[in-house]
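Survey of secondary and tertiary structure
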Amino acid sequence: MVGRLYRASRCIEHLTTSRKNPAPTLEITLYNMLGEKIVENMKIPIDTGYEGPIMLTSELYETFMKAELPRTLWRTYKTLSGTIVMRTARAVVKIADMELETFVETPFFGSGKLLMGREIINKLTIIIDGKKQETCIAEMG
């Protein structure tokens, strides 16, 4: 096999989070486990350095607390600044036409931020087009 051909669909312009390098971004809709739509068409930066699923700000995470896991099941991550304990709750994420049951997280201490990590990225085929400054969901084409 020489290679694979993909067709880009649902392209999202990168977020300008700094002056030098805009962040690859996907657009998601999040639902709590009761099926209530919490956010729609939210642009969230992709972070391959974050091993988890979706990190939220503490404020946004509060809307998912009805499905929070017991503290014994919260996840921890080792970082350069030490171990971080993450509050963890169940959620459903919609990306393009795909719906996935997943977890959302926020730090137990601190305010958190919006990030999509490898746990979700590894379930997708995406095209990061740096020259066009956009990220696209890819389909076999």
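Before any of the text, the structure's been laid out above.
To keep things clear, this report deals only with the structure shown in the data block. Note that the structure is a prediction, hence the values are computed from the model and not measured.

What counts and what doesn't
- Residues numbered from 1 in each chain as written.
- Predicted model: local features only at pLDDT ≥ 70, side-chain atom pairs only at ≥ 80, totals over all residues.
- Heavy atoms only, no water.
- Salt bridge = Lys/Arg side-chain N within 4 Å of Asp/Glu carboxyl O.
- Helix = DSSP H or I, 4+ residues; strand = E, 2+ residues; numbered from the N terminus.
- Buried < 20%, exposed > 50% of the residue type's maximum accessible area, 1.4 Å probe, protein only.
- Disulfide = S-S within 2.5 Å.

**Observations regarding the pattern of salt bridges**
Oppositely charged side chains can form a pair if their charged atoms are brought close together. For the structure on display, the rule yields seven salt bridges. Of the charged contacts, one joins Glu 119 and Arg 75 as a salt bridge, the two residues approaching to 2.6 Å between their closest N and O atoms. Of the two residues, Glu 119 is situated in helix H2 (residues 118-121) and Arg 75 in strand S5 (residues 75-79); the sequence distance between them amounts to 44 residues. With relative accessibility at 26%, the residue Glu 119 sits in the partly exposed group. Classification of Arg 75 by relative accessible area gives partly exposed; the value is 22%. Across the pair Arg 90 and Glu 101 runs a salt bridge whose closest N-O atoms are separated by 2.6 Å. With Arg 90 in strand S6 (residues 82-95) and Glu 101 in strand S7 (residues 98-107), the pair connects residues that are 11 residues apart, well separated along the chain.

**Describing the state of the cysteines**
Tallying each qualifying case throughout the model produces one disulfide. Between Cys 11 and Cys 136 runs a disulfide, and the two sulfur atoms are separated by 2.0 Å. Residues Cys 11 and Cys 136 share a disulfide whose torsion about the S-S bond is about 110°; that sign makes it right-handed. Taken together, the residues Cys 11 in strand S1 (residues 6-13) and Cys 136 in strand S10 (residues 134-140) connect sequence positions 125 residues apart.

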